[in-house]
Amino acid sequence: MNKAMQNNIKFNRPYMTGKELYYIAEAHFGNMLAGDGPFTKRCHRWLEQETGCSKALLTHSCTAALEMAALLLDIQSGDEVIMPSYTFVSTANAFVLRGGVPVFVDIREDTLNLDERLIEAAITPRTRAIVPVHYAGVACEMESILDIARRHNLKVVEDAAQGVMARYKGRALGSVGDLGAYSFHETKNVISGEGGALLVNDPALALRAEIIREKGTDRSRFFRGEVDKYTWQEVGSSFLPGELTAAFLWAQLEEAEAITTERLAIWARYHEALAPLEERGFLRRPIIPVECQHNAHMYYILLPDGPTRDRVARRLKEEGVHAIFHYIPLHSAPAGKQYGRVHGALAVTDSIAGRVLRMPMWIGLSEEQIAYVVETLESVLAEFAIQ
Ligand SMILES: *Cc1c(COP(=O)(O)O)cnc(C)c1O
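Going along each chain's sequence as written, the residues are numbered from 1 onward. Under the rules for a predicted model, residues below a pLDDT of 70 receive no local features and side-chain atom pairs below 80 are neither given nor counted, while totals for whole chains, interfaces and linings still include all residues. Only heavy atoms go into the side-chain values, all of them from the structure, while hydrogens and water stay out.

> How should I be thinking about the pairing of strand S9 (residues 196–200) in this particular structure?
For a regular strand, side chains alternate in direction, first toward one face of the sheet and then toward the other. With a 1.4 Å probe rolled over the protein chains alone, any residue whose accessible area is under 20% of its type maximum counts as buried; one over 50% counts as exposed, and the rest are partly exposed. Each helix is a run of DSSP H or I of at least 4 residues and each strand a run of E of at least 2, with the numbering of both proceeding from the N terminus. The buried fraction of S9 is high, at five of five residues. Judged by which residues are buried, S9 turns out to be covered on both faces: Gly 196, Leu 198 and Val 200 on one side and Ala 197 and Leu 199 on the other are all buried. Here the rule is simple: two strands pair whenever DSSP picks up at least two bridges between them. Bridge count between strand S1 (residues 55–59) and S9: five bridges; the pairing is antiparallel. Within the sheet, the bridge partner assigned to Leu 57 lies in S9 and is Leu 198. By the bridge criterion, five bridges tie strand S8 (residues 179–183) to S9 in an arrangement that is antiparallel. Directly across from Ala 181, in S9, lies its bridge partner Leu 198.

> Would you take a moment to explain the sheet that holds strand S7 (residues 171–172) for this structure?
Neighbouring strands of a sheet are bound in pairs by backbone hydrogen bonds; such pairs are parallel or else antiparallel. Pairing is antiparallel across the open sheet formed by three strands, whose spatial order is S7-S6-S10. Of all the strands in the sheet, just S7 and strand S10 (292–293) have a single pairing partner and so form its edges. Judged from the two bridges that link them, strand S6 (residues 167–168) and S7 form a sheet pairing that is antiparallel. By the bridge assignment, Arg 167 is partnered in S7 with Ala 172.

> What am I meant to see in the site of the ligand here?
The nearness test applies per residue and asks whether one of its heavy atoms lies within 4 Å of the molecule or strand. In the vicinity of the ligand there are 14 residues, among which Thr 63, Asp 159, Gln 162, Ser 183 and Lys 188 approach most closely. Contact between the ligand and Cys 62: an oxygen atom at 2.8 Å from a main-chain N or O atom of the residue. Its residues assigned to classes, the shell around the ligand comprises five nonpolar, seven polar and two charged. Polar contacts here mean pairs of N or O atoms no more than 3.5 Å apart (in protein, one a potential hydrogen donor and the other a potential acceptor; neighbouring residues in sequence count only if both atoms are side-chain atoms). Under the scheme applied here, ten amino acids are nonpolar (Ala, Val, Leu, Ile, Met, Phe, Trp, Tyr, Cys and Pro), four are charged (Asp, Glu, Lys and Arg), and all others, including Gly, are polar.

> So what exactly am I meant to see when it comes to the domain arrangement of the chain here?
Many analyses report the size of an interface as the accessible area lost when the parts associate. Once the domains are mapped, the chain shows domain 1 (20–253) and domain 2 (256–386). Throughout the structure description, domain borders are defined by an automatic or database domain assignment. The gap between the C-alpha centroids of domain 1 and domain 2 is 26 Å. Domain 1 puts 46 residues into the contact, and the matching count from domain 2 is 40 residues. Of the roughly 3,600 Å² buried at the junction of domain 1 and domain 2 (both faces included), carbon and sulfur atoms supply 58%. The quantity reported as buried area is the accessible area (1.4 Å probe) lost by two parts once they are put together, taken as the sum for both. Three residues stand out in domain 1 for area buried against domain 2, namely Tyr 86, Phe 104 and Asn 189, and they jointly supply 19% of the buried area on that side. A side-chain nitrogen of Lys or Arg and a carboxyl oxygen of Asp or Glu constitute a salt bridge if their distance falls within 4 Å. Linking domain 1 with domain 2 are one salt bridge, by the criterion used here. When contributions to the side of domain 1 that touches domain 2 are tallied by element, the ones reaching two or more residues are helix H5 (89–96), strand S3 (101–105), helix H6 (119–122), S6 and helix H10 (243–253). Take the side of domain 1 that touches domain 2: its biggest share by element is five residues, from S3. The residue inventory of the side of domain 1 that touches domain 2, partitioned by class, reads 26 nonpolar, eleven polar and nine charged. Working rule for contacts: check all heavy atoms of both residues, and any pair within 4.5 Å makes them a contact.

Okay, structure coming up:
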């Protein structure tokens, strides 16, 4: 076996705690398979306690949670929503589905998050909301963003898909704005295959959130005995996952703290091992502002330019290391051009998107494997320096 085969290091491997099937069996034998059963309630309570949000609601995905947010904010045709272009499609799609117009603003050089200093200039009379995306589980500058939102009477929806167990000034991501959306997709830290949650922080929106999630009916209130029949109240859909998904998720939430600790250890190992390459000017490591307690969702590096990034990724793959790039900025995608609008030059977005390379990151990645990734990266970069 050659070295590359020995070290076929995947980019991601979902972590299972070992209790998932046990809880799924419990749901199975309990004959409770539809949504909002005992496991869903347990997950809701856990999320509410952990984040301090006023109401947590499990959804099929973070995408579904963002779609709920757009319905809750009553986004209408032509309403503008300020967001980064450097994000996943769902951030924009959820609002476009309601006729909203994503207004793409540039990101910060250090955190790759929405640049709060550029938001205010992008506000127009049509602006309704700001959607900060906490990239890599590192918080956006929420204090400034909340201040802008307050002064302009805008809502804040946090796309905290990557932010489970991360904090900003001590507050859980997703619990800082009016609404927050989590993802439990297989590629995230805490998972249920597909899955997500909407965190409702503005108590005035809690009742409507339940209604929108239950096909536009007040079925949740009916089950609590608050009304004697349930009826169609407003536009909604079916956003709730079944109990099997919630049972799986419960096994993960119970271990969320341990999962985060383990990932942080891997992250720290990369960070330390890559310091010399940063000092020599080969790459830039992630920057974590002091007020941000991240969750080690991702370990990325920034290479000097796009062609170098692509060559490094190709060479690493040949050596058995699966490092991958990330978002194609939405403003340069066909649908982004059709449905969105750009505010100002997106110079940092365009530059960063071509230079990001994400390292393998999963629980179980051994010290030897991390060392192999770093050594391989070092030798690949040295190859290029000689050429
Ligand atoms: C993963 C992700 C999503 C989508 O999450 P799903 O649960 O797959 O819908 C949305 N936004 C960001 C920033 C993400 O990283």
